[in-house]
Amino acid sequence: MDDLEKAILLVYEPGAADLALRAQAMAFCDRAKADPSALLRLCLDRLNRSPLVPVHFWCLQALHDAILLCYPSIPPADLPLLRSALLSLASDRPLPPAYPHFLRNKLAQALAALIRLEYPSVWPDPFLRTLPCVTSADPASVDMFARLLVALDDDLLSHDYPRSPEESADATRVKDAMRLQCVPQIARHWFDAASFYRSSNPSLATAALDTMRRYVTWIDIALIANEAFVPLLFDLILAPSSTEQLRAAAGGCVLAIAQKRMDPRQKVALLRTLPINRVFSDPELVLKVPDLVTGYAAEALECYKKLGSAEIDGSSPLELLEEVLPSVFYVMQESEEVELGNVVDFLSDYVSTMKSPSQKQAMYLGRILQVIREQICYDPAYRSNLDIPDKIGREEEDQMAEHRKGLLMLFCSVCRVAPDVTQLFIQTLLISALSSSEASVEEVEATLTLFYRLGETVNEEAARTGSGSLHELVDMLLSSRFPCHSHRMVALIYLETVTRFMKFVQDNPQYVPHVLSVFLDERGIHHPNLNVSRRASYLFMRAVKLLKAKFVPYLDMILQGLQDIVAQFTSSDWSSKDLKCPGSEDGSQTFEAIGLLIGMEDVPLEKQSEYLAAFLNPLCEKLSGLLLDAKAQGLEESSAKVLTIQQVIMALHALSKGFNERLVKNSRPAIGIMFKQTLDVVLEILISFPNIKMLRNKITSFIHRMVDILGASIFPCLPVALKQLLVESEPKDMVDFLVLVNQLIYKFGTSIEAILVEIFPAIASRLIVILPKDAFPSGPGCNTEEVRELQELQKTLYTFVHVMANHDLSSVFIAPNCMGYLDAMMQLLLLTACSHKDILLRKLCVQIFVKLIRDWCTNCNGDDKVPGFRSFVIEKFATNCCLYSVLDKTFEFRDANTLVLFGEIVLAQKVMYEKLGNDFIIHFVSQGLQAAHCPHEIAEQYYQKLQQANDAKALRSFYQLLIENLRQQQNGSLVFR
């Protein structure tokens, strides 16, 4: 063993040496590759003399790399030696069968790389020299030739991989030469190898056929689809003695023949020559070659789509298609190996060809529906996991949802093409499920899922009238009580399906009692499974929104049926894990449904008050009791009491959604008094425990609702409520608070000026502490949750100030107790208007300044409401915002939002000129434009444009041109026009 062989062993056996020694070995091997000519001789010598497999692999890898990467550097005189040596190893002196497969593959790759570069112009005969050596009696040569063809296909010829233009050109050149020179001989070799080794060495026969399958796409189809090859292939498929691999390889070749691209008429004739019926007649055999069945079916369908039912030489594409369809259904039902997505795509394609299905097609559609139903059934092994969902159950549910996507899309396609067939199919399933006490959870769930999906395909008119069999189907659905209704999956899909067809009930009010029974009995809100009960609450609320007028006659029955649910809601331990459900479905939707029902004007006042008291009083009593306990024992965030208080407040909030201000304030003030008393109880909690964040959020939401319901009668409660909401408020709390105040301003306008004057100092002082004086930091690590909350607060603050300014409340800013915060607020607004990254926020701040200038600067004589504001606007806002911020190159005129901001800035100049007159224009020209080196005549033109009161568009265009010219001047290239 010489030094090179030792180094190669160290490279390929890293555990045998330390890192330093291995690095030296790698460097030694790399140096051996420096001279291509020497490397060639070195590798060929070692391949002949060394008994070591790692050495052989290194040599073949080195030769492969040299051909791929250094071919131009190989001396021309050495190339004949390289060709003959590689050919010899692959044909007349092939590597022994005992050698590892990876060595034979690497040799095939090296030879394929050389063929790509030289065949046929430089090296015209690699195949002609190889084929005579590939005798059927020599397994090693047959195996090596198959590996060569596979390597050539993988690395160059196949279209299954992305190729560069150069690779595509090389592939075309090689294919053209092979067609002219050797493809017939290669095809003969495949036939001989498959025939000779089918029994003695099936794996070798399989390799030959697998290679042939790859080449069928571009060789003359007559070389394969002939009287010799086709019988052999089908014999291999049909023979009981064939191994699975050999049968699959033969099936792959037949499929490649069927998929050969050609004129559809020729394709039909070709398909008819394939005795595929011999496969279809044997169900067991069909399951052994599922890809052949589905692939053949897809080809027959393509021909049918292009040619229709026209006969070609005595056979039509439709006949071919109908021959294979039963086998496709059988494969889909029974085979675990077939790619389901491919079959679903085929069937979807098939269904899309139908316009008015024939009787035979309707039969096939029925088979498709049956297959879909079987495929979407859950495995009974997961029944308990899905009923009370654990990790396994949730995973199974997710996997089934993904599995069902294509199948349910196919089902919807069938529904649209043949609604009568689909409705009859579902009706049959429903009757079967209802009449049998042994109907399984999985079967019933699948049936209801299909019924639900049927609803997606029914147009609104059909859904309302119950056209076709829909009337009977919905009637059956609403009166159904399945033996397995207690299972979560069945109950959920049942409720969803009932909700899907609610518009039918809207037009058929005789079914209202059935709907109410569904939601109010053990199938719905009273279902023992909490997930189902809460989902039923939500769906019942949706049903009430649609049908509440039709529910009024049944109001007593409804409310009586929900009394125990309400009692259970107020007595539950909300800290229990058993009561935690994902999402927002916590049962409060039951109260929303109740509120929607009893809040209608159709309900008599006395009854309405009675109903409302029946639900408000227990909730308020519960709150009062919890508050007394909390005052005595204390209250901690996330405790059971806090969670219960939170849920009760949410129930009150939901209950109030059925009422509006017009009803409460005008026609039925007694209802308003009841909600006002409820608000007092809720505010007692806020007053006592203002620092419990969970409660503060829910109370804020409740106040929003009370503002909408009670109107101005809420005013006495607001000062205390707003003051308490500011206690220990964090940025997120301040955002919620300002949103509430904005609602008050929008609703009441100047009527709440006194309240705003009272609370503004607390708002301003808190925000001055929280918000940074300068811009927010940017860059890696700066986009933290804290920074995002502050950014949201800043945005909400400017919205708040903007709302105040535009609702004639700017006087609040200059009230005696608020004036101390005016300067800080103006500086904050100015900084944002000039340089904030959010262009829309800058626009908002400019609009605020415009409104304040109009409100506070009453004339041009300096007699203003706010001392110092005039000079601030002229000296700071005008020059910094209206000139310097626009001169900055980050102010991008090509951006649509920036152009809108620019329009507001130009409008601000017009307003400043109107309100501030010469004070503004003199300072802006002398300290602004001239300081920016604007020529005097251009400044004069600006002044003239500004005076033209009715031509804002001309001023805007001129000012944009002025700014662009000033930017050019700053770059040293200004030429004013």
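Residues numbered from 1 in each chain as written. Predicted model: local features only at pLDDT ≥ 70, side-chain atom pairs only at ≥ 80, totals over all residues. Heavy atoms only, no water.

A. A look at the overall build of the chain. In terms of regular secondary structure, the chain is built from 47 helices and 0 strands. Taken over C-alpha atoms, the radius of gyration comes to 42 Å for the chain, far larger than the 30 Å a tight globule of 977 residues would show. If one aligns the C-alpha atoms of the chain with their principal axes, the spans along those axes are about 110 × 90 × 65 Å. Counting every position in the chain, which comprises 977 residues, the buried fraction comes to 53%. As displayed, the chain has an accessible area near 42900 Å², and 53% of this comes from carbon and sulfur atoms. Averaging the locations of the 94 positively and 116 negatively charged side chains of the chain gives two centres separated by 3 Å. (Helix = DSSP H or I, 4+ residues; strand = E, 2+ residues; numbered from the N terminus. Rg over C-alpha atoms; globule rule 2.2 N^0.38 Å. Buried < 20%, exposed > 50% of the residue type's maximum accessible area, 1.4 Å probe, protein only. Areas by Shrake-Rupley, 256 points an atom, 1.4 Å probe, with all protein chains shown as cover. Lys, Arg positive; Asp, Glu negative; His and termini not counted. Charge placed at Lys NZ, Arg CZ, Asp CG, Glu CD.)

B. Representation of empty space enclosed by the protein in the model. On inspection of all chains with the given rule, the structure shows 4 cavities of 30 Å³ or more. Broken down by secondary-structure element, the contributors of at least two residues to the lining of the largest cavity are α40 (753-770) and α42 (822-835). For the lining of the largest cavity, the element with the highest residue contribution is α40, accounting for 5 residues. Residue composition of the lining of the largest cavity, by class: 10 nonpolar, no polar and no charged. Lining the lining of the largest cavity are residues from two domains, each supplying at least three of them: domain 3 (729-800) and domain 4 (818-976). Its volume calculated, the second largest cavity comes out at about 50 Å³. What lines the second largest cavity is simply Pro36, Leu39, Leu40, Leu63, Ala66, Ile67, Ile74 and Leu82. Of the residues belonging to the lining of the second largest cavity, the class tally is 8 nonpolar, no polar and no charged. (1 Å grid on protein atoms, 1.4 Å probe; cavity = no way out; pocket = protein on both sides within 12 Å on 5 of 7 lines; lining within 4 Å. Points joined across faces, edges and corners; volume = space filled by probe spheres on them. Nonpolar A, V, L, I, M, F, W, Y, C, P; charged D, E, K, R; others polar. Domains from an automatic or database assignment.)

C. Summary view of the side chain of Arg247. Mapped onto the elements, Arg247 comes out in helix α13 (residues 244-258). The charged side chain of Arg247 is buried without a salt bridge, its nearest counter-charge being Glu244 at 6.5 Å. From its side chain, Arg247 meets the backbone oxygen of Ala239 in a polar contact 2.9 Å long. Those residues in contact with Arg247 that sit more than four places away from it in its chain are Leu236, Ile237, Ala239, Pro240, Ser242, Leu285, Lys288 and Val289. (Salt bridge = Lys/Arg side-chain N within 4 Å of Asp/Glu carboxyl O. Polar contact = N/O pair within 3.5 Å; in protein donor to acceptor, adjacent residues only side chain to side chain. Contact = heavy atoms within 4.5 Å.)

D. Molecular detail of the confidence of the model for the chain. Per-chain confidence: the chain averages 90 in pLDDT, with 96% of residues scoring 70 or above. Counted against residues more than four places away or in other chains, residues 972-977, with its pLDDT under 50, gives 14 contacts. (pLDDT = per-residue confidence, 0-100.)

E. Region of interest: the packing of aromatic side chains. If you walk through the whole model with that rule in mind, you get 28 aromatic pairs. Measuring from centroid to centroid gives 5.9 Å for Phe902 and Tyr959, while their planes differ by 15 degrees, and the two rings are stacked. With a gap of 57 residues between them, Phe902 in helix α45 (residues 896-929) and Tyr959 in helix α47 (residues 952-970) connect regions that are remote in the sequence. Here Phe902 and Tyr959 have matching classes, each one buried. Connected via pairs of aromatic rings, a cluster forms that spans Phe891, Phe893, Phe902, Phe920, Phe924, Tyr942 and Tyr959. In this arrangement the basic side chain of Arg500 is found over the ring face of Tyr452, its NZ or CZ atom lying 4.2 Å from the centre. (Phe/Tyr/Trp six-rings, centres within 6.5 Å; stacked < 30°, edge-to-face > 60°. Lys NZ or Arg CZ within 6 Å of the ring centre and 35° of its normal.)

F. Molecular detail of the domain arrangement of the chain. Along its sequence, the chain is carved into domain 1 (1-75), domain 2 (604-725), domain 3 (729-800) and domain 4 (818-976). A straight line from the C-alpha centre of domain 1 to that of domain 4 covers 75 Å.

G. Region of the structure containing unusual backbone geometry. With an omega of 0 degrees, the peptide bond between Tyr119 and Pro120 qualifies as cis. Along the chain, Pro120 turns up in the loop between α6 (101-118) and α7 (126-130). Although it is not a glycine, Glu728 adopts a positive phi angle of roughly 50 degrees. Looking at the secondary structure, you find Glu728 in the loop between α38 (718-725) and α39 (731-748). Exposure remark for Glu728: the relative accessible area of 54% places this residue in the exposed category. In this structure, Asp808 is a non-glycine residue whose phi angle is positive, near 60 degrees. Tracing the chain through its elements places Asp808 in the loop between α41 (785-806) and α42. Asp808 sits in the exposed class, given a relative accessible area of 53%.

H. Summary view of the pattern of salt bridges. For the structure on display, the rule yields 51 salt bridges. Across the salt bridge formed by Asp154 and Arg214, the nearest N and O atoms sit 2.8 Å from each other. Here Asp154 is found in helix α8 (residues 139-157), whereas its partner Arg214 is found in helix α11 (residues 202-215), with 60 residues between them in sequence. Classification of Asp154 by relative accessible area gives partly exposed; the value is 26%. Between Glu661 and Lys665 there is a salt bridge whose closest N-O contact spans 3.8 Å. Residue Glu661 and its partner Lys665 are located together in helix α35 (residues 661-667), separated by 4 residues, close to a single helical turn.

I. Inspection of the nonpolar core at higher detail. With 355 residues, the main nonpolar core has Met178, Trp190, Phe540, Phe877, Phe920 and Tyr942 as its most contacted residues. With 14 residues, α45 is the single largest residue contributor to this core. When neighbours within four sequence positions are excluded, Met178 is seen to be in contact with Tyr119, Phe127, Leu152, Val183, Ile186, Tyr215 and Trp218. (Core = buried A, V, L, I, M, F, W, Y, C linked by side-chain atoms within 4.5 Å.)

J. Region of the structure containing a negative patch on the surface. Among the surface-exposed residues, Glu244, Asp291, Glu336, Glu337 and Glu339 lie close enough to one another that they form a single negatively charged patch. Here Glu337 is to be found in the loop between α18 (317-334) and α19 (340-352). (Patch = residues over 30% accessible without salt bridge, like charges linked within 9 Å, V, L, I, M, F, W, Y side chains within 5 Å.)

K. Up close: helix α12 (residues 229-238). Extensive coverage of α12 is indicated by the burial of 7 of its 10 residues. What α12 keeps buried is the set Phe229, Val230, Leu232, Leu233, Phe234, Leu236 and Ile237.

L. Spotlight on the environment of Ala567. As for its placement among the helices and strands, Ala567 is situated in helix α31 (residues 555-571). By relative accessible area, Ala567 is classed as partly exposed at 42%. Between the C-alpha atom of Ala567 and that of Phe615, which follows or precedes it by 48 residues, the distance is 9.4 Å.

M. Representation of the environment of Asn48 in the model. Along the polypeptide, Asn48 turns up in helix α3 (residues 36-49). Looking at Asn48, the relative accessible area reads 52%, which means it is exposed. Along the chain, Asn48 and Leu516 lie 468 residues apart, while their C-alpha atoms are 89 Å from each other.

N. Examining the environment of Arg272 more closely. Within the fold, Arg272 resides in helix α14 (residues 264-273). Relative accessible area serves as the criterion here: at 32%, Arg272 is assigned to the partly exposed category. Sequence separation of Arg272 and Phe196 is 76 residues, and the distance between their C-alpha atoms is 28 Å. Ignoring sequence-local partners within four residues, the contact set of Arg272 consists of Ser315, Glu319, Leu320 and Glu323. Polar side-chain contacts of Arg272 include one of 3.5 Å to the side chain of Glu323.

O. How the structure looks around the packing of helix α17 (residues 290-307) against α18. One can describe the packing of α17 onto α18 by two numbers: an axis separation of 9 Å at closest approach and a directional angle of 145 degrees. Where α17 crosses over α18, the handedness of that crossing is left-handed. Across the interface between the two elements, Pro290, Val293, Thr294, Tyr296, Ala297, Ala300, Leu301, Cys303, Tyr304 and Leu307 from α17 touch Pro317, Leu318, Leu320, Leu321, Val324, Ser327, Val328 and Val331 from α18. The class makeup of the residues in the contact of α17 with α18 is 16 nonpolar, 2 polar and no charged. (Axes fitted to C-alpha atoms, helices over the stretch in contact; angles between N-to-C directions. Left-handed = near helix turned anticlockwise from the far one by under 90°.)

P. Expanded view of the state of the cysteines. Under the criterion given, the structure shown has 0 disulfides. With no disulfide of its own, Cys43 has Cys59 as its nearest cysteine by sulfur position, at a separation of 4.2 Å. (Disulfide = S-S within 2.5 Å.)

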